[in-house]
Amino acid sequence: MKTIRFIAYLFYRYYSSGATKDIPYFSTLCALVMLIGLHIFQILVLFDKASLLPTSNENTRAVNFLIIALCLLPIFFLASRLIKKSDLHEMHYEESRIKKGNRLLILYIVASIVLLLFFILLSKEQGCLI
């Protein structure tokens, strides 16, 4: 849980400036939920269960995104219960740890996306990974 809170702090710190400075907590929760959703999708692709996602070719792309967003909504509410805005606001870390954490977080996100793409390509070739 400490790692997740640190990741949330990194997102919160990032979103506290710029265009999202008015809604850093909401943006942080959305980023965490998208990262968790990415991992769920990796697992579904790995076990050839991506068809369990409630989307169809009949719907427009926007409707499919809305359906996925509604499916991720419980994770959003769970994250909002586990990570409080006041906790994020009160956290402080050394600048060197923040810089290292930011680099590792970017590397982690890129590696997760590459891994997902690898799983997708592998599953198309073999039909099923496991």
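The structure under discussion appears in the preceding block.
Let me sum up the structure you'll find in this document.

What counts and what doesn't
- Residues numbered from 1 in each chain as written.
- Predicted model: local features only at pLDDT ≥ 70, side-chain atom pairs only at ≥ 80, totals over all residues.
- Heavy atoms only, no water.
- Axes fitted to C-alpha atoms, helices over the stretch in contact; angles between N-to-C directions.
- Helix = DSSP H or I, 4+ residues; strand = E, 2+ residues; numbered from the N terminus.
- Parallel < 35°, antiparallel > 145°, perpendicular 65-115°, else oblique.
- Contact = heavy atoms within 4.5 Å.
- Nonpolar A, V, L, I, M, F, W, Y, C, P; charged D, E, K, R; others polar.
- Left-handed = near helix turned anticlockwise from the far one by under 90°.
- Salt bridge = Lys/Arg side-chain N within 4 Å of Asp/Glu carboxyl O.
- Buried < 20%, exposed > 50% of the residue type's maximum accessible area, 1.4 Å probe, protein only.
- Phe/Tyr/Trp six-rings, centres within 6.5 Å; stacked < 30°, edge-to-face > 60°.
- Lys NZ or Arg CZ within 6 Å of the ring centre and 35° of its normal.

Let us now look at the packing of helix 1 (residues 2–15) against helix 5 (residues 95–126). Taken N-terminus to C-terminus, the directions of helix 1 and helix 5 make an angle of 95°; their axes are 10 Å apart at the nearest point. Classified by the interaxial angle, the pair formed by helix 1 and helix 5 is roughly perpendicular. For the pair formed by helix 1 and helix 5, the contact residues are Phe6, Ile7, Tyr9, Leu10, Phe11 and Arg13 on the first element and Glu95, Arg97, Ile98, Gly101, Asn102, Leu105 and Ile109 on the second. Grouping the constituent residues of the contact of helix 1 with helix 5 by class yields eight nonpolar, two polar and three charged.

In this section: the packing of helix 2 (residues 24–46) against helix 5. Geometry of a packed helix pair, given as the angle between the helix axes and the separation of the axes. Here helix 2 crosses helix 5 at 25°, and the two axes come no closer than 9 Å. The orientation of helix 2 relative to helix 5 falls into the category roughly parallel. The crossing of helix 2 and helix 5 is left-handed. Residues Leu35, Leu38, His39, Phe41, Gln42, Val45 and Leu46 of helix 2 touch helix 5, and the partners they reach there are Tyr108, Ile109, Ser112, Ile113, Leu115, Leu116, Phe119, Ile120 and Ser123.

A few words on the pattern of salt bridges. Applying the stated criterion across every chain yields a total of two salt bridges. A salt bridge links arginine 13 to glutamate 95, with the shortest nitrogen-to-oxygen separation between them at 3.3 Å. Of the two residues, arginine 13 sits in helix 1 while glutamate 95 sits in helix 5, which places them 82 residues apart along the sequence. Arginine 13 gets classed as partly exposed once you look at its relative accessible area, which sits at 35%.

The next thing to look at is the packing of aromatic side chains. Summed over the entire model, instances satisfying the criterion amount to seven aromatic pairs. Ring geometry for phenylalanine 76 and phenylalanine 77: centres 5.9 Å apart, planes at 75°, overall edge-to-face. Judged by relative accessible area, which is 16%, phenylalanine 76 ranks as buried. The exposure class of phenylalanine 77 is partly exposed, given its relative accessible area of 49%. Put simply, the rings of Phe6, Tyr9 and Tyr93 touch in pairs and so form one group of aromatic residues. Above the ring of phenylalanine 6, the side-chain terminus of arginine 97 is found at 4.6 Å from the ring centroid.

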